[in-house]
Amino acid sequence: MGSLHKTTFVLLMFCLAALGSADYLKYKDPKQPLGVRIKDLLGRMTLAEKIGQMTQIERENATAEAMSKYFIGSVLSGGGSVPSPQASAAAWQSMVNEMQKGALSTRLGIPMIYGIDAVHGHNNVYKATIFPHNVGLGATRDPMLIKRIGEATALEVRATGIPYAFAPCIAVCRDPRWGRCYESYSEDPKVVQSMTTLISGLQGDVPAGSEGRPYVGGSKKVAACAKHYVGDGGTFMGINENDTIIDAHGLMTIHMPAYYNSIIRGVSTVMTSYSSWNGKKMHANHFLVTDFLKNKLKFRGFVISDWQGIDRITSPPGVNYSYSVEAGVGAGIDMIMVPFAYTEFIDDLTYQVKNNIIPMSRIDDAVYRILRVKFTMGLFESPYADPSLVGELGKQEHRDLAREAVRKSLVLLKNGKSASAPLLPLPKKAGKILVAGSHADDLGNQCGGWTITWQGQTGNDKTAGTTILSAIKSIVDPSTEVVFSENPDSAAVDSGKYDYAIVVVGEPPYAETFGDNLNLTIPAPGPSVIQSVCKSVRCVVVLISGRPLVVEPYIGAMDAFVAAWLPGSEGQGVTDVLFGDYGFSGKLARTWFKSVDQLPMNVGDKHYDPLFPFGFGLTTEANK
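Residues numbered from 1 in each chain as written. Predicted model: local features only at pLDDT ≥ 70, side-chain atom pairs only at ≥ 80, totals over all residues. Heavy atoms only, no water.

### Section: the overall build of the chain
Looking only at helices and strands, the chain has 22 helices and 17 strands in total. For 624 residues, the compact-globule estimate of 2.2 N^0.38 gives 25 Å, and the C-alpha radius of gyration of the chain, at 27 Å, lies within 12% of that figure. Its C-alpha atoms put the chain at 115 × 50 × 40 Å along the principal axes. The burial tally for the chain puts 61% of its 624 residues in the buried class. At a minimum sequence separation of 6, the contacts of the chain that also span at least 24 residues come to 77%. (Helix = DSSP H or I, 4+ residues; strand = E, 2+ residues; numbered from the N terminus. Rg over C-alpha atoms; globule rule 2.2 N^0.38 Å. Buried < 20%, exposed > 50% of the residue type's maximum accessible area, 1.4 Å probe, protein only. Contact = heavy atoms within 4.5 Å.)

Below is the structure:
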């Protein structure tokens, strides 16, 4: 071979080798260490690609074209935002896959992460299992039950092709006037801490030695989100999104402890709160988001804003949007939930980085954290939905688990006009029984807010489940006559010759600010139903509510009183204990006040004078 040919050959080999190495991308190699993959990918990204990763948009805007044009890193469903009414799991998967195709068609092929509020089961999705809201789960005092609920919820969320759930809410609700109180496990930080087991259920158990690092254990688990950081349950008078006025010691001992546990459990993300701490908006609080959460607590996942959260840094919201971008991203928020006006966000943030208003180091921190979570959860290897999981949605084992959670969450507050004459458990065999009240035969009321739609809805046609009335009919002896009357008049009750009555009343569904309530009375006609029924028939009152309500005026008329909270889709859990197949075991995780004038009143307060104290709950034995 002549020297010229030799040179050509060497050059050719060199070119081929160069081509080969150009094809080898370290970030696409799962054998490479996590840090190597992240740094390799980050080093290849343009500013537009980085800012795209920081942007989370609403499902309805997430066309494949928008995903690829703006390098969008994340998509979400707001409450009730679905591909179509009563969409199947397969329809959800197909929608998510289409968006993912758009994300993967970009130059670097970074997968997007789809998030949804699965706060008591996969609650936006038709026929999903609806578990009790957190206010009820706190009453179970059963962290392992809560972990199992996390495992079941993860499977149902993955059944729809979604890998990220905005849960758990680890708020410590200190005032039941707050419209989100039912999203809180307890007024006691220790109870809330114990319930962070939900994170291990959703994500899987962190491997020994990796505590504190974001962890998602494969394609049947989902990334979790501890929210809302921090102090959302302590606002003045329970006003949603308001100001939590408390010293640093109070913030750290009441509202912060569950975040320590969440980080140890490897929570992938933390969502900032709309609320303020002593007048400073959490979405703009550099000290708490960056100095404390990221630097002191060593949180390594990503911090996400709430829905249009940066807009609300100003009052009115959005009045100085460029300032909101600067303050929110500057505070340390990594992924910004900008459901609709995302191009404005991208333009403003791009301008601010190019003009050194926000340093590139802040952008790189955000993107590094987002990529860490995406790599850790295996999105690069398995970006698409798993069609074999569609059968997990609403499956019987999950409904059985929800039913178990219902019966363990019920708190028996009164049983008999005297202790020697208990009413419960009720006999299944009776001549004639009355079932009354607005909540006895209403699945929507039973499930509460954040069910199918954001605010929830009344009625039995919104999703699948069992109402308390139908559970009663199925459990009593076939010879027992069950008469249902939503609002019976006194004469009908008097003449009915009933053996006993079950009165089921409570709050209508609500979410967030719409649930803020300064009087906390049982909505009409609940009180009059209690009085007209209980004055002439032995009665058990079952209260369906997101918090304690004013019951002192009626408690004397009741023979038995059960706090059932917001039990969800499996009404048989209520009848399991009413009729003695299982005993009552729930304990109040919230103080039950006598009157709203006492609020806020929490266990440990100097002037603690409750109707029923924190931790109270009568027990019954199961029928043998």
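### Regarding helix H14 (residues 342–354)
Since the α-helix advances by 3.6 residues per turn, residues separated by three or four positions end up pointing in the same direction. Over its 13 residues, H14 extends 18 Å from the first C-alpha to the last, a length consistent with the 18 Å expected when each residue adds 1.5 Å. Those residues of H14 not exposed but buried are Tyr-342, Phe-345, Ile-346, Asp-348, Leu-349, Thr-350, Gln-352 and Val-353. Elements that come into contact with the buried residues of H14 comprise helix H3 (47–53), strand S1 (55–58), helix H4 (64–69), helix H13 (321–331), strand S11 (336–337) and helix H15 (360–376). Looking at the residues trailing H14, positive phi occurs at Asn-356, about 60 degrees. (Expected span 1.5 Å × (residues − 1).)

### Points about the pairing of strand S7 (residues 269–272)
Of the two faces of S7, both are covered, the one formed by Thr-269 and Met-271 as well as the one formed by Val-270 and Thr-272. With four bridges joining them, strand S5 (residues 225–229) and S7 adopt parallel strand pairing. Note that in S7 the partner of Tyr-229 across the bridge is Thr-272. As paired elements, S7 and strand S10 (residues 302–304) share three bridges and run parallel to each other. In the strand pairing of S10, Met-271 is matched with Ile-304. (Pairing = 2+ DSSP bridges.)

### Let's talk about the sheet that holds S5
Strand pairing in a sheet relies on backbone hydrogen bonds, with the paired strands running either antiparallel or parallel. A sheet is described by the order of its strands in space; here three strands give the open sequence S5-S7-S10, paired in parallel fashion. The sheet is open, and its two edges are formed by S5 and S10, each paired on a single side. Along the sheet, successive strands turn relative to each other by an average axial angle of 25 degrees, direction set aside. Along the sheet, helix H12 (residues 286–296) contacts S5, S7 and S10; its crossing angle with S5, the most-contacted strand, is approximately 140 degrees. (Axes fitted to C-alpha atoms, helices over the stretch in contact; angles between N-to-C directions.)

### Considerations on the domain arrangement of the chain
Taken domain by domain, the chain holds domain 1 (46–377) and domain 2 (410–598). Listed per partner, the contact involves 43 residues of domain 1 and 38 residues of domain 2. Note on domain 1 versus domain 2: buried area summed over both sides is about 2900 Å², and carbon and sulfur give 53% of it. At the junction of domain 1 and domain 2, the tally comes to two salt bridges. Across the pair Glu-187 and Arg-590 runs a salt bridge, and its minimum N-O distance is 3.9 Å. At the junction of domain 1 with domain 2, the criterion picks out 26 residue pairs in polar contact (both at pLDDT 80 or more). Looking at the side of domain 1 that touches domain 2 residue by residue, the classes come out as 18 nonpolar, 15 polar and 10 charged. (Domains from an automatic or database assignment. Buried area = accessible area lost by both parts, 1.4 Å probe. Salt bridge = Lys/Arg side-chain N within 4 Å of Asp/Glu carboxyl O. Polar contact = N/O pair within 3.5 Å; in protein donor to acceptor, adjacent residues only side chain to side chain. Nonpolar A, V, L, I, M, F, W, Y, C, P; charged D, E, K, R; others polar.)

### Side note on the packing of H13 against H14
For the pair H13 and H14, interaxial distance at closest approach is 10 Å and the crossing angle is 70 degrees. Classified by the angle their axes make, H13 and H14 are roughly perpendicular. At the point where H13 passes H14, the crossing takes the right-handed sense. Across the interface between the two elements, Tyr-321, Ser-322, Val-325, Glu-326 and Val-329 of H13 pack against Glu-344, Phe-345, Asp-348, Leu-349 and Gln-352 of H14. (Parallel < 35°, antiparallel > 145°, perpendicular 65-115°, else oblique. Left-handed = near helix turned anticlockwise from the far one by under 90°.)

### As for the state of the cysteines
Per the stated rule, a full pass over the model turns up two disulfides. The partner cysteine of Cys-173 in its disulfide is Cys-181, sulfur to sulfur 2.2 Å. One quick way to see it: the torsion about the S-S bond of Cys-173 and Cys-181 is about -105 degrees, and its sign makes the bridge left-handed. Residues Cys-173 and Cys-181 agree in their burial class; the two are buried. Through a disulfide, Cys-534 is tied to Cys-539; the S-S separation comes to 2.0 Å. (Disulfide = S-S within 2.5 Å.)

### Looking at the side chain of Ser-545
Position of Ser-545 relative to the elements: it lies in the loop between strand S16 (539–544) and helix H21 (552–555). Looking at Ser-545, the relative accessible area reads 1%, which means it is buried. Every residue in contact with Ser-545, bar those within four places of it in the chain, is listed here: Glu-507, Trp-565 and Leu-566.

### Considerations on H15
With 17 residues, H15 extends 24 Å between its outermost C-alpha atoms, agreeing within 8% with the 24 Å of an ideal straight helix rising 1.5 Å per residue. Burial in H15 covers these residues: Arg-362, Ile-363, Ala-366, Val-367, Arg-369, Ile-370, Leu-371, Arg-372, Val-373, Lys-374 and Phe-375. Once H15 finishes, Gly-378 follows within two positions and takes phi at roughly 80 degrees, a positive value.

### A few points about the UniProt feature "domain: Glycoside hydrolase family 3 C-terminal" (unreviewed entry) in the chain
Listed under "domain: Glycoside hydrolase family 3 C-terminal" (unreviewed entry) in the UniProt record, and renumbered for this structure, are residues 410–619. Overall, residues 410–619 shows 19% helix and 16% strand. The separation of its end C-alpha atoms is 10 Å. (UniProt positions renumbered as here; feature names shortened; annotations may be inferred.)

### Brief notes about a nonpolar patch on the surface
A contiguous nonpolar surface patch, about 460 Å² in accessible area, is contributed by Phe-236, Met-237, Ile-239, Ile-245 and Leu-518. The topology assignment puts Ile-239 in the loop between S5 and strand S6 (243–244). With a relative accessible area of 32%, Ile-239 lands in the partly exposed category. (Patch = residues over 30% accessible without salt bridge, like charges linked within 9 Å, V, L, I, M, F, W, Y side chains within 5 Å. Areas by Shrake-Rupley, 256 points an atom, 1.4 Å probe, with all protein chains shown as cover.)

### Some words on the UniProt feature "domain: Glycoside hydrolase family 3 N-terminal" (unreviewed entry) in the chain
As annotated in UniProt, the feature "domain: Glycoside hydrolase family 3 N-terminal" (unreviewed entry) corresponds to residues 46–373 in the numbering used here. Between the end C-alpha atoms of residues 46–373 the distance is 20 Å, and the span holds 40% helix and 10% strand.

### Section: unusual backbone geometry
In this structure, the amide linkage connecting Ala-167 to the following residue, Pro-168, adopts the cis form with an omega of 5 degrees. Relative to the elements of secondary structure, Pro-168 occurs in the loop between strand S4 (164–165) and helix H8 (189–194). One non-glycine residue, Phe-71, lies in positive phi territory at about 55 degrees. Topologically, Phe-71 is positioned in the loop between H4 and strand S2 (74–77). The partly exposed category is assigned to Phe-71, whose relative accessible area is 24%. Notably, Gln-86 is not glycine yet its phi reads approximately 55 degrees, a positive angle. When you line up the elements, Gln-86 lands in the loop between S2 and helix H5 (89–104).

### Here's the deal with the confidence of the model for the chain
Taken as a whole, the chain shows an average pLDDT of 96; of its residues, 96% reach a score of 70 or greater. Between residues 15–20, whose pLDDT stays under 50, and residues either more than four places distant or in other chains, the model counts zero contacts. (pLDDT = per-residue confidence, 0-100.)

### Describing the environment of Ala-464
Positionally, Ala-464 belongs in the loop between helix H17 (443–447) and helix H18 (468–475). Along the sequence, Ala-464 and Val-303 sit 161 residues apart, while their C-alpha atoms lie 35 Å from each other.

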